[in-house]
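Analysis of the macromolecular model
These are the residues of each chain, in order.
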Amino acid sequence: MAAAFTDSLPILMYHRIATDGPPGLKQWRVSPEIFDTQMSALHRAGYQTITLLEWADALIEQRPVQGKRVLLTFDDGYSDFLSAAIPALQRYDFSATMFLVAERIGQTALWDASYGDCAPLLSWDEIKSLQTMGIEFGAHSCIHQKMTQMGSAELAEDTRKTRAILEEGLGVAVPTLAYPYGDQNESVRRVVGEAGTKVAVTTEPGISELGDDLLRLPRIEITDDHTPERLISTLIPAR
Ligand SMILES: [Zn+2]
């Protein structure tokens, strides 16, 4: 079969892979069983994964990527990723990118306290073991604050500190970022870029394409309502 090339990339956004949790956060939980059907559907449809840094290189070089590709992203660094997402990812040889809240690693998602019990977050030992499995890690701020509400100096410091903590723990460069709550604007993008961020994902809906602003990549939010058919249909660019 001739290798196909693509100049667009669906970037899927997940949070928790879990069944239980506060009712108000249901939108950001996909059950392990449904997650499994979604990964199986991607595999059957011929998709392979790509990392965010690989896509960043393609964007910089304006170079299409080989094959049918999808990027799986997971925000916040929840512990359930290890037990509930990894088995399905390994079954299909899929990679993923996780965005970590640097000063909350090994703790709980305190920023969700108003909804009820806060979900546990991955520890450094767990993160390092995921790193050996090929999981890519990116920044998601120090404590999950909205970036448009920070002053420029504060945001620059938060971005540098987050990256320093993650790079120290992981032993690799961490030039990738997801904006907490998807909250960003032109000034935020400029400050995080000047503070060393090479590529960043938003929550603006859409499929990423060559030519995109590297600090403003759109994502597709995946929920429990994405049946295999609906999931696959959302990955096709409208042209
Ligand atoms: Zn988040």
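Structural data are supplied above this passage.
Procedures and definitions
- Residues numbered from 1 in each chain as written.
- Predicted model: local features only at pLDDT ≥ 70, side-chain atom pairs only at ≥ 80, totals over all residues.
- Heavy atoms only, no water.
- Helix = DSSP H or I, 4+ residues; strand = E, 2+ residues; numbered from the N terminus.
- Buried < 20%, exposed > 50% of the residue type's maximum accessible area, 1.4 Å probe, protein only.
- Contact = heavy atoms within 4.5 Å.
- Areas by Shrake-Rupley, 256 points an atom, 1.4 Å probe, with all protein chains shown as cover.
- Donors = N, O, S within 2.8 Å, 3.2 Å for Na, K, Ca; no water.
- Phe/Tyr/Trp six-rings, centres within 6.5 Å; stacked < 30°, edge-to-face > 60°.
- Lys NZ or Arg CZ within 6 Å of the ring centre and 35° of its normal.
- Salt bridge = Lys/Arg side-chain N within 4 Å of Asp/Glu carboxyl O.
- Pairing = 2+ DSSP bridges.
- Right-handed = clockwise from strand over helix to strand, strands pointing away.
- Expected span 1.5 Å × (residues − 1).
- Disulfide = S-S within 2.5 Å.

Along its length, the protein chain carries seven helices and 14 strands. Judged by the C-alpha coordinates and their principal axes, the protein chain covers about 50 × 40 × 30 Å. The burial tally for the protein chain puts 52% of its 239 residues in the buried class. Taking the intrachain contacts of the protein chain between residues at least 6 apart in sequence as the baseline, contacts between residues at least 24 apart amount to 67%. Accessible surface computed for the protein chain: about 10,700 Å², of which carbon and sulfur atoms make up 50%.

The coordination sphere of the zinc ion, as far as protein atoms go, consists of Asp-76 (OD), His-140 (NE2) and His-144 (NE2), spread over 2.0 to 2.1 Å. Assessed through its relative accessible area of 4%, Asp-76 is described here as buried. Classification of His-140 as buried rests on a relative accessible area of 1%.

Quick look at the packing of aromatic side chains now. Under the criterion given, the structure shown has five aromatic pairs. Relative to Phe-74, the ring of Tyr-14 lies with its centre 5.2 Å away and its plane at 15 degrees, an arrangement referred to as stacked. Taken as a pair, Tyr-14 in strand 3 (residues 11-14) and Phe-74 in strand 8 (residues 68-76) lie far apart in primary sequence, 60 residues in all. The exposure classification of Tyr-14 matches that of Phe-74, with both residues buried. In this structure, Lys-68 is placed above the aromatic ring of Tyr-47, and the distance from its NZ or CZ to the ring centre is 4.8 Å.

Topologically, Ser-129 is positioned in helix 4 (residues 124-132). Once the C-alpha coordinates of Ser-129 and Leu-82 are considered, the two residues, 47 residues apart in sequence, prove to be 9.6 Å apart.

Quick look at the pattern of salt bridges now. In this structure the tally under the stated criterion is ten salt bridges. We note a salt bridge from Asp-224 to Lys-26, for which the minimum N-O separation is 3.9 Å. Placement of Asp-224 in the loop between strand 14 (217-221) and helix 7 (228-234) and of Lys-26 in the loop between strand 4 (16-17) and strand 5 (29-30) is noted, with a sequence separation of 198 residues between them. Among the ionic pairs, Arg-163 bridges to Glu-167, the shortest N-O distance being 3.5 Å. Here Arg-163 pairs with Glu-167, and both are found in helix 5 (residues 152-170), just four residues apart, close to one helical turn.

Moving on: the pairing of strand 10 (residues 136-139). Successive residues of a regular strand alternate their side chains across the two faces of the sheet. Of the two faces of strand 10, the one holding Glu-136 and Gly-138 and the one holding Phe-137 and Ala-139 are both buried throughout. In this sheet, strand 10 lies alongside strand 9 (residues 97-100) in parallel orientation, the contact comprising four bridges. The residue of strand 10 that forms the bridge with Met-98 is Phe-137. A crossover connection joins strand 9 to the parallel strand 10 through helix 4; in handedness this β-α-β unit is right-handed.

To continue, consider the environment of Phe-94. As for its placement among the helices and strands, Phe-94 is situated in the loop between helix 3 (80-91) and strand 9. Residue classification places Phe-94 among the buried positions, given a relative accessible area of 8%. For Phe-94, the residues in contact, after removing those within four places along its chain, are Met-39, Leu-42, His-43, Tyr-47, Gln-48, Thr-49, Leu-72 and Leu-89.

So, on to helix 5. Taking 1.5 Å per residue, 19 residues should reach 27 Å; helix 5 reaches 27 Å between its end C-alpha atoms and fits that length. Of all the residues in helix 5, the buried ones are Leu-155, Ala-156, Asp-158, Thr-159, Thr-162, Leu-166, Gly-169 and Leu-170. The inward-facing, buried residues of helix 5 contact strand 9, helix 4, strand 10, strand 11 (176-178) and helix 6 (186-194). Just past helix 5, the residue Gly-171 takes up positive phi, approximately 75 degrees.

Okay, the side chain of Thr-159 next. On the secondary structure map, Thr-159 appears in helix 5. Assessed through its relative accessible area of 4%, Thr-159 is described here as buried.

Our next topic: the state of the cysteines. The final tally for this structure, using the stated rule, is zero disulfides. Residue Cys-142 stays outside any disulfide, its sulfur separated by 18 Å from that of Cys-118, the closest cysteine. According to the relative accessible area criterion, Cys-142 is buried, its value standing at 3%.

Within the fold, Ser-31 resides in the loop between strand 5 and helix 1 (32-44). Judged by relative accessible area, which is 9%, Ser-31 ranks as buried. Every residue in contact with Ser-31, bar those within four places of it in the chain, is listed here: Ile-17, Ala-18, Thr-19 and Asp-224.

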